[in-house]
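# What the coordinates show
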Amino acid sequence: TYCKGISFMLQISHGMPNFVKYINVKSGLSIINPSDLISFHGLLYLNVSRNFLVDICLLGSINNSLFSSLSIARLLDISHNNVSHLSRFCFYGLLSLKRLFLGNNRISRIDGGTFFGLENISQLDLSFNEISTLKNNYFHGIKSIEYLFLEGNNIKTLEYDVFSDITISSLG
C-alpha cells in the first residue's frame, strides 16, 4: 500500500484494514501521533523517509514509545528527515525489527537506552548525521548486529567500552 499526503496518518488509521503490511509515506509528513499507528499491528514495513519529521521519540518512556504497536515490523525507515535527538526507549516495542534507517537526519544527541529492546536488529544506519561523540551507553540493548553505519558523521570522541557489549560484523 502506498500512501501519499500530509494528513496521511489520520486518513490511513481511520479506514485502512489492520492487515496492511507495507506503508510508504513521502509527501510532507511532519508529525506522527501514537494513535496513528495503533491499528497497524500487522505492519512489517514502514517507510517515512524524505519527509519533515523532527520528533519521533515521546518523552523517553517505555509506555509512550511511538512505535510500540509495531511489534512485528521488520523494517523502519526514517532517513532523510530532520530528526536531531533520539531519546531513551525511542524504539521500544519493535521486537522483530531487523533494519532501522536513520541516516541523513540531523541527529546530534542519542540518549542511553535509545535502542533498548532491539534485540533482533541486524542493520542500523546512523550515517550522515551530526554525531560527534559515541558514548558507551548508546548501543545498550543491542547484543549483536551485522551492519552498523556511522560514516558521514564528524565523530571526534569514542568513549571507552562503547562497543564492549555488542558484536558488530561490519562497521561503516
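These numbers were taken from a predicted model, which means no experiment stands behind them.

Parameters at a glance
- Residues numbered from 1 in each chain as written.
- Predicted model: local features only at pLDDT ≥ 70, side-chain atom pairs only at ≥ 80, totals over all residues.
- Heavy atoms only, no water.
- Helix = DSSP H or I, 4+ residues; strand = E, 2+ residues; numbered from the N terminus.
- pLDDT = per-residue confidence, 0-100.
- Contact = heavy atoms within 4.5 Å.
- Pairing = 2+ DSSP bridges.
- 1 Å grid on protein atoms, 1.4 Å probe; cavity = no way out; pocket = protein on both sides within 12 Å on 5 of 7 lines; lining within 4 Å.
- Points joined across faces, edges and corners; volume = space filled by probe spheres on them.
- Nonpolar A, V, L, I, M, F, W, Y, C, P; charged D, E, K, R; others polar.
- Disulfide = S-S within 2.5 Å.
- Buried < 20%, exposed > 50% of the residue type's maximum accessible area, 1.4 Å probe, protein only.
- Core = buried A, V, L, I, M, F, W, Y, C linked by side-chain atoms within 4.5 Å.

### A short note on the environment of glycine 42
- Among the secondary structure elements, glycine 42 is positioned in the loop between α2 (34-37) and β3 (45-47).
- For the pair formed by glycine 42 and leucine 70, sequence separation is 28 residues and the distance between their alpha carbons is 7.3 Å.

### Examining the confidence of the model for the protein chain
- Per-residue confidence for the protein chain gives a mean pLDDT of 85; residues scoring 70 or more make up 85%.
- The model gives residues 1-11 a pLDDT under 50, and that stretch makes 28 contacts with residues more than four places away or in other chains.

### Thoughts on the pairing of strand β10 (residues 144-149)
- Sheet topology note: the strand β8 (residues 123-125)/β10 ladder contains three bridges and is parallel. By the bridge assignment for β10, glutamine 123 is matched with tyrosine 147.
- Relative to strand β12 (residues 167-171), β10 is paired through four bridges, and the arrangement is parallel. Bridge pairing links serine 144 to threonine 167 in β12.

### Structural notes on the layout of surface pockets
- Of the volumes computed, that of the largest pocket is approximately 180 Å³.
- Taken together, 13 residues make up the lining of the largest pocket; nearest its centre are Phe139, His140, Gly141, Ile142 and Asp165.
- In terms of residue class, the lining of the largest pocket is built from five nonpolar, five polar and three charged.

### As for the state of the cysteines
- Scanning all chains against the criterion turns up one disulfide.
- Covalently, cysteine 57 is tied to cysteine 90 through a disulfide, its sulfur atoms 1.9 Å apart. Judged by the sign of its S-S torsion, about -80°, the cystine formed by cysteine 57 and cysteine 90 is left-handed. Here the residue cysteine 57 occupies a position in the loop between β3 and β4 (75-77), and cysteine 90 occupies one in the loop between β5 (85-86) and β6 (99-101), the gap between them amounting to 33 residues.
- Classification of cysteine 57 by relative accessible area gives buried; the value is 4%.

### Some thoughts on the nonpolar core
- In terms of nonpolar packing, the biggest core is built from 44 residues, with Ile56, Leu86, Phe91, Leu102, Phe115 and Leu126 touching the most fellow members.
- Of all elements in the fold, only β2 (22-25) and β10 reach the threshold of two or more residues within this core.
- Sequence-distant contacts of phenylalanine 91, that is, excluding residues within four places in its chain, are made with Ile56, Ser65, Phe67, Leu76, Ile78, Leu86, Leu100, Leu102, Thr114, Phe115, Phe116 and Leu118.

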